[in-house]
Amino acid sequence: WEFAQGWMTYQARVQYVLQKGEPVVDVLFYVGDQFPQYYSFSKSIVKDLPYGFQANACNFDMLIDAKVIDGKLSFGGLQTFPILSLPELTIMDFVTLKRIAELVKEGVVVLGPKPMEMLSVSDIKNNSFLFSQLTAALWGNSSENQYGKGKVISGKSIGEVLKQLNVVPDFTTNTNNPKEMMFIHKTLGDAEVYYVFNQQTRDLNRELIFRVAGKTPEIWNPENGAVTKPAIYSIEKNQTRIPVRFKPHESKIFVFKNGASDLFIQSVLLAGKQVFPQQQFADTTFVIPQATFSKGKFGFTTIQSGDYSFILNNNRILKANLVQPQIQQIDNFKATIEFFPISNEVIQPVEIAKLKSFTEFEDPAIRYFAGKAKYTIRFNAPTVFISKTDLVVLELGNIDATAEVRLNGKLLAYAWMPNTELVVSGLLKDENKLEITVANVCRNRFIGDWNQFGSIKSIWSTSNALKKDLPLVPSGLMGPLELVKYNVYRDSDKTMKK
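Counting from 1, residues in each chain are numbered in the order their sequence is written. Restriction of local features to residues with pLDDT of at least 70 applies here, the model being predicted, together with a cutoff of 80 or more for giving and counting side-chain atom pairs; totals for whole chains, interfaces and linings are based on all residues. The side-chain quantities take in all heavy atoms of the structure and omit both hydrogens and water.

Visitor: Could you give an account of the sheet that holds strand E1 (residues 22-23), naming the residues involved and the relevant values?
Guide: Whether two strands pair comes down to DSSP finding at least two bridges between them. For the purposes of this entry, the term helix denotes a DSSP run of H or I that reaches at least four residues, the term strand denotes a run of E that reaches at least two, and both are numbered from the N terminus. The antiparallel open sheet is built from six strands, whose spatial order is E1-E12-E13-E19-E15-E16. Of all the strands in the sheet, just E1 and strand E16 (227-228) have a single pairing partner and so form its edges. Sheet topology places strand E13 (residues 191-198) next to strand E19 (residues 251-258); six bridges connect them, and they run antiparallel. Counted as the bridge partner of Tyr194 is Phe254 from E19. Sheet strands touched by helix H1 (residues 5-18): strand E12 (181-188), E13, strand E15 (215-220) and E19. Its angle to E13, the strand with the most contacts, is close to 140°. Two residues qualify as a contact provided that any one of their heavy atoms is within 4.5 Å of a heavy atom in the partner residue. Axes here mean lines fitted to C-alpha atoms, for a helix over just the part in contact, with angles spanning 0 to 180 degrees between N-to-C directions.

Visitor: Give me the environment of Phe340: which residues, what numbers.
Guide: Note on placement: Phe340 falls in strand E27 (residues 334-341). The exposure class assigned to Phe340 is partly exposed, which follows from its relative accessible area of 42%. If sequence neighbours within four positions are ignored, Phe340 has contacts with Phe369, Gly371, Lys372 and Lys374. The classification of residues rests on relative accessible area computed with a 1.4 Å probe and restricted to protein chains. Under 20% of the type maximum is buried, over 50% is exposed, and intermediate values are partly exposed.

Visitor: Provide a residue-level description of the layout of surface pockets, including the pertinent values.
Guide: Of the volumes computed, that of the second largest pocket is approximately 410 Å³. Around the second largest pocket, the lining is made up of 21 residues, and of these Val24, Asp26, Lys72, Thr80 and Arg211 lie nearest the centre. Broken down by secondary-structure element, the contributors of at least two residues to the lining of the second largest pocket are E1 and E12. Here the lining of the second largest pocket is built from residues that sort into ten nonpolar, four polar and seven charged. For cavity detection a 1 Å grid was placed over the protein atoms alone, and a set of points counts as a cavity when a 1.4 Å probe fits there but cannot get out; an open set counts as a pocket when protein lies on both sides within 12 Å along at least five of seven lines, with lining residues being those that have an atom within 4 Å of a point. Grid points are joined across faces, edges and corners, and a volume is the space filled by probe spheres set on the points. Three classes are used, and their members are as follows: Ala, Val, Leu, Ile, Met, Phe, Trp, Tyr, Cys and Pro are nonpolar, Asp, Glu, Lys and Arg are charged, and the others, Gly among them, are polar.

Visitor: Let's hear about the sheet that holds strand E3 (residues 55-58): which residues, and what values?
Guide: In spatial order, the strands read E3-E2-E7-E8-E10-E9; together these six strands make up an open sheet with mixed pairing. Of all strands in the sheet, those bounded by a partner on one side alone are E3 and strand E9 (144-147). Along the sheet, successive strands turn relative to each other by an average axial angle of 25°, direction set aside. Across three bridges, the pairing between strand E8 (residues 109-111) and strand E10 (residues 150-153) is parallel. Paired with Val109 across the two strands is Lys151, which belongs to E10.

Visitor: Describe the side chain of Thr376, with residues and values.
Guide: Its place among the elements puts Thr376 in strand E29 (residues 371-380). Judged by its relative accessible area of 14%, Thr376 is buried. Excluding its chain neighbours within four sequence positions, the residues that come into contact with Thr376 are Lys334, Ala335, Thr336, Glu338, Lys433, Leu434 and Glu435.

Visitor: Tell me about unusual backbone geometry, residues and numbers included.
Guide: In this model, Phe276 is joined to Pro277 through a cis peptide bond whose omega is -10°. The residue Pro277 is located in the loop between strand E21 (273-276) and strand E22 (290-294) in this model. Residue Pro480 is reached from Gly479 by a cis peptide bond, and omega for that bond is 0°. Position of Pro480 among the secondary structure elements: in the loop between strand E36 (476-479) and strand E37 (482-486). Phi is positive for Lys237, close to 55°, though the residue is something other than glycine. Inspection of the secondary structure assignment puts Lys237 in the loop between strand E17 (234-236) and strand E18 (239-246).

Visitor: Break down a nonpolar patch on the surface for me, citing the residues and quoting the values.
Guide: By definition, no residue in a patch forms a salt bridge, and every one has over 30% relative accessible area; like charges are joined within 9 Å, nonpolar side chains (Val, Leu, Ile, Met, Phe, Trp, Tyr) within 5 Å. Computed with the Shrake-Rupley method and a 1.4 Å probe, the accessible areas treat only the protein chains shown as cover for residues. Any Lys or Arg side-chain nitrogen located within 4 Å of an Asp or Glu carboxyl oxygen qualifies as a salt bridge. A cluster of nonpolar side chains, namely Trp1, Trp7 and Met8, defines an oily patch on the protein surface of about 410 Å² accessible area. Here Trp1 is to be found in the segment before H1. Taking the relative accessible area as the measure of exposure, Trp1 reaches 80% and is therefore exposed.

This is the structure:
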């Protein structure tokens, strides 16, 4: 926990945003009149909800308080629902049926099967005729029946109905793969806020498509607090498309504020071929250059070299020969590791010339190490990386679990995420001292105790879940450590042509 400040700050930033505003949901799901209610939720037609839409549940008490505004259900806040979905049940209380009829008459669209029987014995005795009469009026004899200002639909999937009502996905990507990205959308005042999370253990280069138009996008990075205004995006009817690169399990917050940008880049070509917006899914691995717009000028960086053409929303064209960043792996170094184990064990410092997991050491005290380990790495930086003006970052590579990072005596960050990137512009010298103190978890030490002593001796726990036959997890600073110098181009540079 000593070095967990970065992770805690990340959580605080995300929760601060998500606790505000109102969620944006397209489908309201009625949980039914039977208990347990949420059993029917998992079996409902909402289980087939297409990627890019969200659903919320409601009960009868909520339906009583609901109002109809412009054909959509509302509970008094900013949130409205274009569809009320019913459970896949043919049993319904008469009072529920009457309330649904009132809402449909005022303009609501209801999707679900026609009720055939009631739950209450009293209703069955006294209201059977009225129940049959009302269900016939609501559902009619077809899969879509008009009733008052609204309609009742049955026999169709929720996706078909959303498409029929011209409700486009709230969020999707150019691959439309639900296993890649999760999202939460909230309305905060006059701003639209999306929290987007990469569920994969690999980098993803995707075009994110948001159901927002006429607003200026910003990207908030909860990992380091940075806020950027992307200059490359396109507006298509009521959607905004933004090319974004995600690291494994990385999350970003997208904020759309009132007012459209005067200038932005709406399409990108590489060697004459359009790479944004992409036309073929086969191109999803391509990384679009990053662009910023400040003081009337565009700035560009890229990780893939080439002759690019940038078409602005005013049809102006900027052409540039962009060069990929220079990468210098820090592999020619002298380093020492000092160990501060969680137990009373004394481990002598070791000198290394290569980064590797603690589990690859022959010494069992290191192989099963738990505690803090301080790496002191001395290395020389190439002259081209010693710059105060260019963007130079240090990539830490694989690290487990948290770490304090200092360069030439300056605290850079408390790292907790693999492949953390730290800006080191102006901090590098000819000769540098990088100090990374890693704090890892105790799993390997538990397994080591069982293997070495046949019982838990080094540390104490109330659990005996970790046994000697379990695999060790990679631990420590594994790298690779890399310096990356990005070449930043401005539209006033000689490399730019208008």
